[in-house]
Amino acid sequence: MSQETSRSEQVIEGYKKHKLAASALAGIHELIQSFEQERVVDRSLAVIGLLGILLLVGISAYFLL
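Cut-offs used in this document
- Residues numbered from 1 in each chain as written.
- Predicted model: local features only at pLDDT ≥ 70, side-chain atom pairs only at ≥ 80, totals over all residues.
- Heavy atoms only, no water.
- Helix = DSSP H or I, 4+ residues; strand = E, 2+ residues; numbered from the N terminus.
- Rg over C-alpha atoms; globule rule 2.2 N^0.38 Å.
- Areas by Shrake-Rupley, 256 points an atom, 1.4 Å probe, with all protein chains shown as cover.
- Salt bridge = Lys/Arg side-chain N within 4 Å of Asp/Glu carboxyl O.
- Buried < 20%, exposed > 50% of the residue type's maximum accessible area, 1.4 Å probe, protein only.
- Phe/Tyr/Trp six-rings, centres within 6.5 Å; stacked < 30°, edge-to-face > 60°.

Asks: How should I be thinking about the overall build of the chain in this particular structure?
Replies: The secondary structure content of the chain amounts to one helix and zero strands. Taking 65 residues into account, the globule formula puts the C-alpha radius of gyration at 11 Å, and the chain, at 28 Å, lies well above it. Summed over its atoms, the accessible surface of the chain is roughly 6,200 Å², and 68% of this surface lies on carbon and sulfur atoms.

Asks: What is the right way to look at the pattern of salt bridges in this model?
Replies: Pairs may arise between side chains of opposite charge once their charged atoms sit close together. For the structure shown, the criterion picks out one salt bridge. Notably, a salt bridge pairs Arg39 with Glu36, separated by 2.7 Å at the nearest N-O pair. With Arg39 and Glu36 both in helix 1 (residues 2-64) and three residues apart, this pair spans about one turn of that helix. On the basis of relative accessibility, which here comes to 44%, the residue Arg39 falls in the partly exposed class. Among the residues examined, Glu36 registers a relative accessible area of 38% and is labelled partly exposed.

Asks: Could you clarify how one ought to interpret the packing of aromatic side chains in this entry?
Replies: For any pair of aromatic rings, geometry is given as the distance between the ring centres together with the angle between the planes. Applying the stated criterion across every chain, the model contains one aromatic pair. Seen from their ring centres, Tyr62 and Phe63 are 5.5 Å apart, and the 70° between their planes marks the pair as edge-to-face. The burial state of Tyr62 is the same as that of Phe63; both residues are exposed.

What follows is the structure in structure tokens.
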């Protein structure tokens, strides 16, 4: 009987490890997804900033020349 209990405990421990690993993997995927979303926002803000700088340089060049 002791061996059956031991096997049951091993199965339970294996299940707990599997669930913990699956949970950690899901958390990592969520973190990566949020980084990707932030990267898209950063890129669009960079494009807006670059266009603003080019506009200011163009206006300055127009008035100075």
